[in-house]
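# Architecture at a glance
Chain by chain, the residues run as shown.
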Amino acid sequence: MGNSAIQPVGAETATPATVSSLVRVTGLRKHYGGVRALKGVDLDLRAGEIHGLVGANGAGKSTLIKILAGLESPDAGEISVDGTPVSIATPDQATALGLSFIHQELNLVPRMSALQNIMLGVPKASTLGLVDWRRVRQLVQPIATRVGIRFSLETPAAALSVAEGWLVSICRALVRRSRLIVMDEPTASLSAHECDNLFRIVRDLSGNGVAVLYVSHRLDEITGLCHHVTAFRDGLLAAQIDRASLNRARLVEAIVGTDKPETFALAAANVIAPESDEIALSVRNLRRGSAVRDVSFDLHKGEVLGLGGLVGSGRSETVRLIFGADAMQGGQMTLCGRAFTPRTPHDAVEAGVGLVPEERRSEGLVLAKSVAFNLSLTSLLGLHVAPPLPLMSMRRRDKQAQEMSQRLLIKMPNVATPVGRLSGGNQQKVVIGKWLSRSLRVLILDEPSRGVDIGARQEIHRIIRELATQGVSIIVISSETEELPGLCDRVLVMVEGRIATELRGAAITREALVQASYLSTEESQPS
Ligand SMILES: Nc1ncnc2c1ncn2[C@@H]1O[C@H](COP(=O)(O)OP(=O)(O)OP(=O)(O)O)[C@@H](O)[C@H]1O
Ligand SMILES: [Mg+2]
């Protein structure tokens, strides 16, 4: 999202080929048991370069990053920094070499202040052996201001938003004078505005000679931002693309291979089903704290309804009320004409309402259990399936799991593999898959594409449309402005806990969504 604001860096800013390597990786191999995560990959990073790293879920991106960070050791291959071979056995060694990592789950210490987090592990100015925090703050403040930190450095990390946490992590990297900052899917939890700020910082870092390794499944960001791109496919180097030949088609080809060309999202004209008059879910004056102030809408049978808006506009909070995950403080709901008052998610599931949560790893999976177990998890939540013979049910379960895994291209040895061994994006697919394979009246998906590669996104969209045709009513939340057009029949844009704008059919465009997201509630009260 916010991609509309990405300005191409332009050929003149491309790093000259004459600049020698900062970090060079050659022939890197790594296996986990029988899984060959990296089969001999190369990567060449130069000072001041914004280097994109792309590849389908499970291609090996995070494995490479973990090796550079000193969290995993490679089976074979060489890493050199400034032309000298190095071994990175611990995170401290990576730091000493000037490498910093911002992983998707930010590892800030919640009860410590922003400043303390920034200074963790860095030698601090001291007077008579005591840390002189005043002096430390004076040193850090200009750097904080440069990355756009507007809040007090005394704020505890627990009180920071995800975007603010990112700024703290970037600041931490700069205080350590990092020469390379690795960002793993930085924009996944940021709003359009916060993304723009991040892009500005990344360009600024690059201008100051810092190299950035940027991992993303959002191809517009990659084409807009990067000087150079490396693509992995199945643990192998698939392509190295420079700025001059960088475009979306080239990226898609590198990621999925030429034999599977991208079939773009269904044209809007095909998507819009004749509107059913039947109302599946009716929501009136829903309220909870300041997050959900007054939300009313009807969801029709077989409709795909999008919820757009900025991160924090109240969308996730609204659907949590519908799913019984939080208690509402006001309002009424009906489901297929009957009063609907779920007090727990269990109630909601019993009534035929499912939710694919935004925070999937923590809320949706049992990491130690198999893919097949996790895919069938919702049935344990109380969907009444007549219990067949135990043996039969296991076989049926595995067969269904197999089918869903194939559709969503879940990369794994087999359905008995523990989910915890899957790559981040493949874990996301399992959570989505378990809900897609249920029979439900209403299915809610919160950020379904987050962390999921381009091939699986299309398949998820196809399944959503298929379910809608079968009469399932669907709510999709997405902060990626590219996702809702072409997928939804109708989109409601939320601003500050209220529905501000309704868009239908061809009027659902990226521009309209961005514009509506920034309207203030006063000027946008629906007439
Ligand atoms: N601890 C582990 N045990 C077993 N297999 C693993 C482990 N970690 C990663 N793998 C496997 O290694 C392969 C590469 O995973 P990796 O996490 O590097 O992918 P990725 O490119 O980062 O994908 P994503 O886009 O989904 O984050 C995958 O097949 C994954 O299942
Ligand atoms: Mg990963």
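What counts, and where the lines are drawn
Every chain is numbered on its own, with residues counted from 1 as its sequence reads. Chain letters start at A and ligand numbers start at 1, both assigned in the order the entries are written. For a predicted model such as this one, the threshold for reporting local features is a pLDDT of at least 70, and the threshold for listing and counting side-chain atom pairs is 80 or more; totals across whole chains, interfaces and linings nevertheless cover every residue. In this description, strands pair whenever DSSP reports at least two bridges between them. Each helix corresponds to a stretch of at least 4 residues labelled H or I by DSSP, and each strand to a stretch of at least 2 residues labelled E; elements are numbered beginning at the N terminus. To obtain an axis, a line is fitted to C-alpha atoms, over the contacting stretch when the element is a helix, and the angle between two such axes runs from 0 to 180 degrees between their N-to-C directions. Throughout, a residue-residue contact means that the two C-beta atoms, derived from backbone geometry, are no farther apart than 7 Å. Comment: burial labels come from other C-beta atoms within 10 Å of the residue's own C-beta, placed from the backbone, where a count of 20 or more is buried, 12 or fewer is exposed, and between is partly exposed. A residue counts as near a molecule or strand when its C-beta atom, positioned from the backbone, falls within 6 Å of it. Think of it as three bins: nonpolar holds Ala, Val, Leu, Ile, Met, Phe, Trp, Tyr, Cys and Pro, charged holds Asp, Glu, Lys and Arg, and polar takes everything else, Gly as well. Note on terminology: angles under 35 degrees are roughly parallel, angles over 145 are roughly antiparallel, angles of 65 to 115 are roughly perpendicular, and the others are oblique. Each crossing gets its hand from how the near helix is turned against the far one by less than a right angle, where anticlockwise is left-handed and clockwise is right-handed.

With that out of the way, let us pick up the sheet that holds strand 4 (residues 76-81). Taking strand neighbours across the sheet as the criterion, the 4 strands line up as 2-1-4-5 in an open arrangement whose pairing is antiparallel. Bordering the open sheet on either side are strand 2 (35-46) and strand 5 (84-86), each of which pairs with just one other strand. Strand-to-strand twist across the sheet, computed as the mean angle between neighbouring axes with direction ignored, equals 25°. Those strands touched by helix 1 (residues 61-68) are strand 1 (21-32) and strand 2, and its axis lies near 65° from that of strand 2.

Where strand 1 lies against strand 4, 5 bridges are found, and the strand directions are antiparallel. Residue pairing across strands places Val25 opposite Ile79, the latter belonging to strand 4. Bridge count between strand 4 and strand 5: 3 bridges; the pairing is antiparallel. Bridging across to strand 5, Ser80 finds its partner in Pro85. Taking the residues that link successive antiparallel strands as the turn, the strand 4-strand 5 hairpin has 2 residues, and the phi of Asp82 there is positive, at about 50°.

Extensive coverage of strand 21 (residues 490-495) is indicated by the burial of 6 of its 6 residues. The alternating pattern of strand 21 places Arg490, Leu492 and Met494 and Val491, Val493 and Val495 on opposite faces, both of which are buried. In this structure, strand 15 (residues 304-309) lies alongside strand 21, joined through 5 bridges in parallel fashion. Considered in strand 21, the bridge of Gly306 is made with Val491. Where strand 21 and strand 22 (residues 498-504) come together, 6 bridges link them in antiparallel fashion. Note that in strand 22 the partner of Val493 across the bridge is Thr501. Here strand 21 folds back onto strand 22, and the loop between the two strands holds 2 residues, one of which, Glu496, carries a positive phi near 45°.

Turning next to the site of ligand 1. Close to ligand 1 lie 19 residues; Tyr32, Asn57, Ser62, Ser423 and Gly425 are nearest. At the level of secondary structure, the elements contributing two or more residues to the shell around ligand 1 comprise strand 2, helix 1 and helix 16 (424-436). Residues belonging to the shell around ligand 1 are distributed by class as follows: 5 nonpolar, 11 polar and 3 charged.

Glancing now at the packing of helix 4 (residues 133-146) against helix 5 (residues 162-175). Running from amino to carboxyl end, helix 4 crosses helix 5 at an angle of 125°, the nearest separation of the two axes being 10 Å. The angle between the axes of helix 4 and helix 5 places the two elements in the oblique class. Relative to helix 5, helix 4 is oriented so that their crossing is right-handed. Contact with helix 4, carried on its side by Val140, Ile143 and Ala144, involves Cys171, Leu174 and Val175 of helix 5 and no other residues of that element.

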